[in-house]
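Remarks on the overall topology
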Amino acid sequence: MTAQEILKRVDHTQLKPYATWEDIKKLCDEAVEYQTASVCVPPAYVKRIHEAYGDKVKICTVAGFPLGYSVTEAKEAEIVQALADGCSEIDMVINISDVKNGLYEKVEEEIRRLKKTCGDHILKVIVETCYLTEEEKIAMCKAVTRAGADYIKTSTGFGTRGAVREDVELFKKHIGPDVKIKAAGGISTREDLEMFLSLGCDRIGTSKAVGLLKGETVEGY
């Protein structure tokens, strides 16, 4: 698998709470140079990136991030503003408490509502697998599928664990044919990148891919 084949599947990510414009600019410049799938950035930077880079980079941002327990109306407002600012893709976090309370239909309805808000724009649903049982993960695969979201995503990168092989394999068994998989969090080697893509992930969320593929030692999401 070539570096370019990997990078075209990478959401080049900078979600540190203290990210500066210089950090964001570096991310975007790398995304342009290496033709990554998108940049995944804090909502506060979407408009500035769009004004500075136009169509040179595809912008992804987050909603309900990283804990997921804001109300649906708040997540919806975040998405409306992000799209107005020039965002192309949204990574939302489910209400994990609702999942733990067994309110699977409520979670499904929130996803459905937020996908309607996104319209033709891509919606990725972060289920934060580190906090879920196998039964809950399967229920979320079904909820994401029935609600019409575009992707199921393993992790925020802010939880107790990121993406692992077993979760991706479980997703593959239980998602519908129109749902893609994004692995994120803790992906720290080229071997990790290749493994997740070979398992069937369509996207990888990481801040490290460009550095790793240049042979650098990197830290981060």
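Residues numbered from 1 in each chain as written. Predicted model: local features only at pLDDT ≥ 70, side-chain atom pairs only at ≥ 80, totals over all residues. Heavy atoms only, no water.

**Observations regarding the pairing of strand β7 (residues 180-184)**
Every other side chain in a regular strand lies on the same face of the sheet, so the side chains alternate between the two faces. Among the five residues of β7, four are classified as buried, and the element is accordingly described as predominantly covered. Pairing geometry for strand β6 (residues 151-153) and β7, over three bridges, is parallel. Considered in β7, the bridge of K153 is made with K182. Read as a crossover between parallel neighbours, the route from β6 over helix α8 (residues 165-174) to β7 is right-handed. As paired elements, β7 and strand β8 (residues 203-206) share three bridges and run parallel to each other. Considered in β8, the bridge of K182 is made with R203. Crossover connection from β7 via helix α9 (residues 190-198) to parallel β8: handedness right-handed. (Buried < 20%, exposed > 50% of the residue type's maximum accessible area, 1.4 Å probe, protein only. Helix = DSSP H or I, 4+ residues; strand = E, 2+ residues; numbered from the N terminus. Pairing = 2+ DSSP bridges. Right-handed = clockwise from strand over helix to strand, strands pointing away.)

**Describing unusual backbone geometry**
A cis amide bond links F65 with the next residue in sequence, P66, at an omega value of 0 degrees. Residue placement: P66 occurs in the loop between β3 (59-63) and α4 (72-85). Located in the positive-phi region is Q35, a residue other than glycine, with phi close to 55 degrees. Structurally, Q35 is set in the loop between α2 (21-34) and β2 (38-41). Looking at Q35, the relative accessible area reads 54%, which means it is exposed. Despite not being glycine, E128 shows a phi value in the positive range, around 50 degrees. Within the secondary structure layout, E128 lies in the loop between β5 (122-126) and α7 (134-147).

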